[in-house]
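Breakdown of the fold
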Amino acid sequence: MSPTVSVIIPNHNYARTLRRCLESVYAQTHPPDEVIVVDDRSTDDSRDIARGFPCRLIENPVNGGVSVSRNAGAAAATGDVLFFLDSDEALAPDALANAVDILDRHPEIGCVHGLIAPEPLIDDGPVEWYRTLHSYWWRRRAVGLGQTAFFAQAAIRRSVFEAAGPFDESLRDSEDLEYSERLAPITRILLTERIVAAHDEVSRLGPLLAEQFRRSQLLARTVFGARRKGRASLTANRPLGILAVAAATASTPLAVLRPPVAALTALLLAVFALADPGQLRLVARYKGARFVPFFLGVSLLVHLALLAGAAVGVLRTVLRRRWLTPLVVLAALAGLGFALRRDGPAALAVLARPDALPLCLAAVSANLAGLLIGMLAWRVLVPIGGLTAGRIFFLGQLGKYLPGRVWGVVTHVDLGRRSGVPAERMVTAYVVSIALTIVSGALVGLLATPGWWIAVPVAGLAVCLVRPQLLNRVIARVARLAKRSVTPVPPGRMRLAVSLALLSWLVSGLHLWAVAVLLGADPRSSAAVSIGAFALATVAGSLSIIAPDGWGVREVAISTALATVLPWSAAGMAAVASRLVCVLVEVTVSLLVVTLSRTVRSGDHHVQAVHP
C-alpha cells in the first residue's frame with residue numbers, strides 16, 4: 001500500500017510564485033493526499049491565492065520564520081510522508097511519484113531531496129541566471145547519499161521527522177544545515193535527480209550578497225562541527241576556489257605596495273576561475289560563452305561575501321563569551337594609540353596648556369553628556385534596564401573600533417542573549433537605533449553648511465517629531481530588503497527616541513566647538529559649524545565600512561568643515577583633538593560601566609517589554 005503524502009508549503013510574501021507552486025502540486029502524476037499552506041503573516045495577496053485551491057491554509061499568529069512555518073505544517077499534517085516545498089518553487093510533474101518510489105524501494109532511506117532546475121521559474125535577468133545555474137550545478141555534482149538535506153523540495157518519513165525533532169525555530173537562515181546535524185546520525189539522506197523544481201531565485205546583486213553573508217555565518221560553525229563529528233557537510237562552492245579567493249584577498253594589499261606580488265594575486269584569481277571547469281561548461285551550454293565572464297565576476301563577489309560571513313561566524317563562536325569584552329576594549333585602546341600616533345603629541349600639548357583647562361573640561365563634559373543622552377535614545381528601544389543596559393550599549397559603542405560594521409550588532413545580540421532577550425529583538429533595536437542615529441546626524445550635519453540650508457534640519461526635525469511613523473516605514477522597507485522582521489516602534493516612543501537622538505548630536509557637537517574656540521575660532525561664527533561638522537563627519541565615518549570608526553574619513557570631514565572658521569593646520573589639529581576626547585570618554589566610561597555591572601548579581605537583568 002502506497003504511503004500517504006502531505007505537501008507542506010511555508011510562505012511569506014510569495015504571491016508572485018505561490019500560484020505556480022500550487023498548480024505544480026495539483027498537477028502531480030502522484031496526487032498528494034493533502035496540501036497545507038502555512039502563511040507566515042504575509043502582507044501581499046498570498047492568502048487569497050491559497051484560498052483559490054483545495055488546500056488547507058494555516059495562518060501563523062506572528063511572523064516566525066520558515067522553521068516555525070514548517071513545524072506548524074508538520075504538526076497539522078496526517079501523511080506518512082511529509083513533502084516540504086518552498087512557495088517560490090514549482091515541481092516537475094513526476095516529483096512526488098519519484099519521491100514515494102524511492103522511499104518505497106529503499107526503506108533505509110529516511111529523507112530524499114532534489115535539484116533546482118537549471119532554468120529559473122521566472123526569468124528576471126543575469127543575476128538570477130547566475131544563481132540558478134550555480135544552484136543546479138553544485139547539487140547535481142553531489143547527487144547520491146550524503147550527510148546534508150535541503151528542504152526546499154524534500155520528502156521525509158514522518159517517523160524520521162519525529163525522531164529527529166522539529167526545526168530549530170530560532171533560525172531563519174541555514175536551518176537545513178542545523179537540522180541535518182540531527183538527521184544524519186539516525187537515517188540515510190539521498191540527493192536525487194529524480195526530484196526537480198524550478199526556483200524563482202534572487203535577481204539583484206545586493207540582496208544576493210547580503211543573503212550569502214548572512215547564511216555563511218552559521219555555515220562555518222556547521223561545517224566545522226560536522227567535520228569534528230566525522231561527517232562531510234555538503235558545500236556549494238569548491239574548497240579550492242574558496243581558498244584561492246581568500247589568498248588573493250590577503251595578497252591584494254601587498255600587491256598595491258609591491259607590484260611584483262600582483263602576479264601572485266592574478267595567479268590565485270586564475271586558480272579560482274578554473275577551480276570548477278564543469279560548472280563553466282554548464283554555463284556556456286545554457287547561456288553561451290559570453291556569459292562566462294559575468295558569471296565568474298558575480299561568483300567572485302559571492303565568494304568574498306562567503307568569506308566575510310564565515311569570518312564573522314567563526315569569531316562570534318570563539319569570542320561570544322569570555323573574549324568579546326576584552327577584544328572590543330583592546331580595539332578601542334588601539335584606536336586611542338592610533339589617534340596619538342602622528343599628531344597626538346601636538347594636540348595633547350594644546351589641550352594641556354594651563355589656560356585651556358576650562359575649555360577642555362567643557363569639551364569632555366559635552367561629549368560625555370551627549371554619549372549618555374545617546375544611550376537614553378537607545379534605551380527607549382530595548383527591553384533591558386540598569387547597568388546591564390549600560391554595559392551592552394557601551395561595549396557596542398567600542399565595537400566600532402574593529403574593522404567592519406558587524407561588531408556592534410554582534411556585541412548587542414550576544415550580550416542581550418545572555419540577559420534573556422531574543423536575538424531578533426536585539427537586532428531590531430540595533431537597526432532602529434542606527435537608522436535614527438544616521439538620519440538625525442545627517443540632519444544636524446547640515447548646520448555645517450552656510451546659508452539657508454540651516455533651515456533643512458529644522459524642517460527635518462519637525463517632520464520626524466510630527467510624523468515619526470515615516471521613519472517606521474523607512475526602517476520596515478530596509479528590513480524587507482534584508483528579509484528581516486522588525487517590530488514597528490509606537491509613535492510615542494519613536495518621537496522620544498528621535499528627540500533624544502537629535503539632542504545627543506547637538507550636545508556632543510559642543511565638545512568640538514570648545515576645541516575650535518581653544519584653537520582660536522570665533523565663538524559665535526563657529527558654534528553651528530562645529531556642531532554640524534561633528535555630526536556630519538561621524539555619520540560619514542560610520543558609513544565607511546572598512547575603516548574602524550571611520551578613521552581618516554571623519555578627520556577629513558571635520559577639517560574641511562572647520563576650515564571655514566580656522567586655518568587648515570588648526571582645523572586638522574581640532575579633528576585630532578576631537579578624536580582624542582571621544583575615545584578617552586568612551587573607553588573610560590565603558591570600563592567604568594563594565595566594572596560596575598560585574599557587581600550586579602547574575603540573573604538580575606531588569607528585562608522589560610520593548611513597547612509597553
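Residues numbered from 1 in each chain as written. Predicted model: local features only at pLDDT ≥ 70, side-chain atom pairs only at ≥ 80, totals over all residues. Heavy atoms only, no water.

Here we take up helix α21 (residues 491–518). Taking 1.5 Å as the rise per residue, α21 with 28 residues should run 40 Å; its terminal C-alpha atoms sit 41 Å apart, in good agreement. With its phi angle positive at about 110°, G520 sits one or two positions after the end of α21. (Helix = DSSP H or I, 4+ residues; strand = E, 2+ residues; numbered from the N terminus. Expected span 1.5 Å × (residues − 1).)

Bringing a nonpolar patch on the surface into the picture now. On the surface, a cluster of nonpolar side chains totalling about 340 Å² of accessible area is made up of L240, L264, L267 and V271. Topologically, L267 is positioned in helix α10 (residues 261–273). By relative accessible area, which is 53% here, L267 ends up exposed. (Patch = residues over 30% accessible without salt bridge, like charges linked within 9 Å, V, L, I, M, F, W, Y side chains within 5 Å. Areas by Shrake-Rupley, 256 points an atom, 1.4 Å probe, with all protein chains shown as cover. Salt bridge = Lys/Arg side-chain N within 4 Å of Asp/Glu carboxyl O. Buried < 20%, exposed > 50% of the residue type's maximum accessible area, 1.4 Å probe, protein only.)

With that out of the way, let us pick up empty space enclosed by the protein. Rolled over the atoms, a probe as big as a water molecule pinpoints where empty space is left. Considering all chains together, one arrives at 4 cavities of 30 Å³ or more under this definition. If you add up the space inside the largest cavity, you get close to 140 Å³. Lining the largest cavity are 17 residues, with F272, D276, Q279, S299 and H303 sitting closest to its centre. For the lining of the largest cavity, the elements supplying multiple residues, two or more each, are α5 (126–140), α10, α11 (277–287) and α12 (291–319). For the lining of the largest cavity, the leading source of residues is α12, giving 4 residues. When the residues that make up the lining of the largest cavity are grouped by side-chain class, the tally is 8 nonpolar, 6 polar and 3 charged. (1 Å grid on protein atoms, 1.4 Å probe; cavity = no way out; pocket = protein on both sides within 12 Å on 5 of 7 lines; lining within 4 Å. Points joined across faces, edges and corners; volume = space filled by probe spheres on them. Nonpolar A, V, L, I, M, F, W, Y, C, P; charged D, E, K, R; others polar.)

Here α21 crosses helix α22 (residues 523–542) at 125°, and the two axes come no closer than 7 Å. The orientation of α21 relative to α22 falls into the category oblique. Crossing handedness for the pair α21 and α22: right-handed. Between α21 and α22, the residues in contact are W505, L506, S508, G509, L510, H511, L512, W513, A516 and V517 and P523, S526, A527, S530, I531, A533, F534, A535, T538 and V539, respectively. Residue composition of the contact of α21 with α22, by class: 14 nonpolar, 6 polar and no charged. (Axes fitted to C-alpha atoms, helices over the stretch in contact; angles between N-to-C directions. Parallel < 35°, antiparallel > 145°, perpendicular 65-115°, else oblique. Left-handed = near helix turned anticlockwise from the far one by under 90°. Contact = heavy atoms within 4.5 Å.)

Turning next to the environment of A164. With respect to the helices and strands, the residue A164 is situated in helix α6 (residues 158–164). C-alpha separation for the pair A164 and T187, spaced 23 residues apart in sequence, amounts to 9.3 Å. Beyond its immediate stretch of four places on either side in the chain, A164 contacts Y179, R182, L183 and I186.

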